[in-house]
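Below are the chains, spelled out letter by letter.
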Amino acid sequence: MRKNCWICGKNADSGEHRYKKSDLKNFYGNKFKEPVLYFREDDNQMRWVQGADSKYFKYEKNLCIECNGSFTQPFDRAYDIFIDWIFNNTDYIFSRRIIDFRRIYGENFGEMQLNLFKYFAKVFGCELSDNPEFSIPRDILDIIYYKSFNTGFKVTFSITENIKYEKNLKILGKGEMPFYISNNGDYAFSGHNYINWFNIHYWYLIDPEPLLGSEWIGNKQAIYLGSMEINKSLIKAFQASY
């Protein structure tokens, strides 16, 4: 288990949420009215949890309080604005298949989308830090500190077509993040998080799958969303378990 903050190297005394706390609260409230059945990918266990601050929703302590607070707060804020816009503009998204950062952030979209990309780099770094076998790539830290965006990390977005019109859907989670060995002998990764029909895909030293959206590194005003489908029987089984 790591004892140092993977961002700055100080003592790690704070555990980042595996899922954005604001997303959990939007779904269930800060203290859930009823326990939520939660599946942890790392140990394949199902657990009933009572609230958004449950230890089961957090990584082991992997950040210092400052890096998990004031330093990365602008990244978290950019994400909250982004995800609120996504789910408040579904008609536009489904018809245009575009994310336009100027629509989301206004004239300050350049700086704000960089903060959003830093948020996703933070998510990726936290996922890697949970496994002591993996070191945090130098370019991920360079993104966090804005030293360089010469990076092997990319993000794409997609829509899950066959559930996008489902009513009262509450699905929040992440897929596995398998690793590969790149041509240079480095570790390469892919993975994704999902909130209902909206998917956020991460790629490191791997070319994104072309149908899962146009690649983005915080450098474009507008990007196209990709498309995917899932087995709806899995959704029904998951919902039936509550």
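Cut-offs and rules
- Residues numbered from 1 in each chain as written.
- Predicted model: local features only at pLDDT ≥ 70, side-chain atom pairs only at ≥ 80, totals over all residues.
- Heavy atoms only, no water.
- Pairing = 2+ DSSP bridges.
- Helix = DSSP H or I, 4+ residues; strand = E, 2+ residues; numbered from the N terminus.
- Axes fitted to C-alpha atoms, helices over the stretch in contact; angles between N-to-C directions.
- Parallel < 35°, antiparallel > 145°, perpendicular 65-115°, else oblique.
- Contact = heavy atoms within 4.5 Å.
- Nonpolar A, V, L, I, M, F, W, Y, C, P; charged D, E, K, R; others polar.
- Salt bridge = Lys/Arg side-chain N within 4 Å of Asp/Glu carboxyl O.
- Buried < 20%, exposed > 50% of the residue type's maximum accessible area, 1.4 Å probe, protein only.

Student: Help me understand the pairing of strand β7 (residues 187-195), please; the structure alone is not making it clear to me.
Tutor: Within a regular beta strand, the side chains point alternately toward one face of the sheet and then the other, so they alternate between its two faces. Both strand β5 (residues 172-174) and β7 contribute to a ladder of three bridges, which runs antiparallel. By the bridge assignment, Gly 173 is partnered in β7 with Tyr 194. The sheet contact formed by strand β6 (residues 179-181) and β7 spans three bridges and is antiparallel. What sits directly across from Tyr 180, in β7, is Ala 188. The loop that links β6 with its antiparallel partner β7 comprises five residues; one of these, Gly 185, has a positive phi angle of about 85°.

Student: Would you take a moment to explain the packing of helix α2 (residues 73-88) against helix α5 (residues 109-129) for this structure?
Tutor: Helix-helix packing is described using two parameters, namely the angle between the two axes and the distance between the axes. Relative orientation of the contacting elements α2 and α5 amounts to 105°, with a least axis distance of 7 Å. In this view, α2 runs roughly perpendicular relative to α5, as classed from their interaxial angle. In this structure, α2 uses Pro 74, Phe 75, Asp 76, Ala 78, Tyr 79, Ile 81 and Phe 82 to contact α5, whose residues at the interface are Met 112, Asn 115, Leu 116, Lys 118, Tyr 119, Phe 120 and Lys 122. Split into classes, the residues belonging to the contact of α2 with α5 amount to 10 nonpolar, one polar and three charged.

Student: It is not clear to me how the side chain of Asn 193 should be interpreted in this structure. Could you clarify?
Tutor: Note that Asn 193 resides in strand β7. Contact partners of Asn 193, with chain neighbours within four places excluded, come to Val 123, Gly 173, Lys 174, Phe 198, Asn 199, Ile 200 and Tyr 202.

Student: Help me understand the pattern of salt bridges, please; the structure alone is not making it clear to me.
Tutor: Pairing is possible between side chains that carry opposite charge, provided their charged atoms lie close to one another. What the rule picks out here adds up to eight salt bridges. A salt bridge links Lys 122 to Glu 16; the shortest N-O distance between them is 3.0 Å. With Lys 122 in helix α5 and Glu 16 in the segment before α1 (21-28), this pair connects stretches of sequence that are 106 residues apart. According to the relative accessible area criterion, Lys 122 is buried, its value standing at 0%. For Asp 76, the salt bridge identified is with Lys 122, shortest N-O distance 3.6 Å. Separated by 46 residues along the polypeptide, Asp 76 in helix α2 and Lys 122 in helix α5 bring together distant segments of the chain. A single burial state applies to Asp 76 and to Lys 122, both of which are buried. Because the salt bridges share partners, they merge into one network encompassing Glu 16, Asp 76 and Lys 122.

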